[in-house]
Structure formats: C-alpha cells, structure tokens
Amino acid sequence: MDMKTATERTESPLTTEQFAQLGDGLIAYVRPMRSEDVNRLYPQAPHIAPGLTIFALFGADGAPIVLADSEEGCIGNAVENHLQMVSLH
C-alpha cells in the first residue's frame, strides 16, 4: 500500500503568481505600524510626524490600500469597498 504521510509535500496546483492573487480585491487586513516605518517603506507617502501609531489596511497580496489614524478608519474603508476582513495571527 502506497500511502503518503502527513509530512510529505505534494506539488501545489497553483503557481506562485496564482497563489499571490488569491483574494485579490476581496480580502483585506489591518496592521498597526509606526509612522517612521510608513515613511521608510513608502517614500511616496506624505511625511508623518515620528512616534505615532498608524493603522494600515492591506490587500490580500500585502499591497497597502489606505493609512488611517485608527483601526476603525481602516475597517470603515474596507466596508465601503466591500472587502472581507481577516485576522492575522
């Protein structure tokens, strides 16, 4: 009998690009970040005073959608754009 064990890897039916697009335009998550990180990661963003906690709404692929001064602001934007919120652990 040829049974696969739970630890044995199988080939994914999706390419890396296809996997990255799962949930694109449908799923979003909120993550807090320091204002210093916003300016470092997104140089095109307007300058934000250092030492603040900013909340960012990200798409399923990790692309930033919006920055807000509260988690509720990000969630409101997700609701307006019919995005399903998910929790990251």
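Coordinates for the structure precede this section.
Small disclaimer: the values here were computed from a predicted structure and weren't measured.

### Quick notes on the pairing of strand β2 (residues 53-59)
Okay, step 1: The buried count for β2 comes to six of seven residues, which makes it a mostly enclosed element.
Okay, step 2: Inspection of the sheet shows strand β1 (residues 27-34) paired to β2 by seven bridges, in the antiparallel sense. Within β2, the position partnered with Y29 by the bridge is F58.
Okay, step 3: Note that β2 and strand β3 (residues 64-68) share four bridges and pair antiparallel. In the strand pairing of β3, F55 is matched with A68.
Okay, step 4: Counting the residues that bridge the hairpin from β2 to β3 gives four residues, and of these G62 lies at a positive phi of roughly 90 degrees.

### Section: the packing of aromatic side chains
Here a ring pair, both rings aromatic, is described through the centre-centre distance and the interplanar angle of the planes.
Okay, step 1: Counted according to the given criterion, the structure contains one aromatic pair.
Okay, step 2: On the numbers, 5.4 Å between centres and 20 degrees between planes, the contact of Y29 with F58 is stacked. Here Y29 is found in strand β1, whereas its partner F58 is found in strand β2, with 29 residues between them in sequence. An identical accessibility class is assigned to Y29 and F58; each is buried.

### As for the side chain of S35
Okay, step 1: With respect to the secondary-structure elements, S35 resides in helix α2 (residues 35-41).
Okay, step 2: A polar contact is formed between the side chain of S35 and the backbone nitrogen of G51, at a distance of 3.2 Å.
Okay, step 3: Here S35 is in contact with I48, A49, P50, G51, L52 and I54, once residues within four sequence places are set aside.

What counts and how
- Residues numbered from 1 in each chain as written.
- Predicted model: local features only at pLDDT ≥ 70, side-chain atom pairs only at ≥ 80, totals over all residues.
- Heavy atoms only, no water.
- Buried < 20%, exposed > 50% of the residue type's maximum accessible area, 1.4 Å probe, protein only.
- Helix = DSSP H or I, 4+ residues; strand = E, 2+ residues; numbered from the N terminus.
- Pairing = 2+ DSSP bridges.
- Phe/Tyr/Trp six-rings, centres within 6.5 Å; stacked < 30°, edge-to-face > 60°.
- Polar contact = N/O pair within 3.5 Å; in protein donor to acceptor, adjacent residues only side chain to side chain.
- Contact = heavy atoms within 4.5 Å.

On their own, these measurements won't tell you what the molecule is for.
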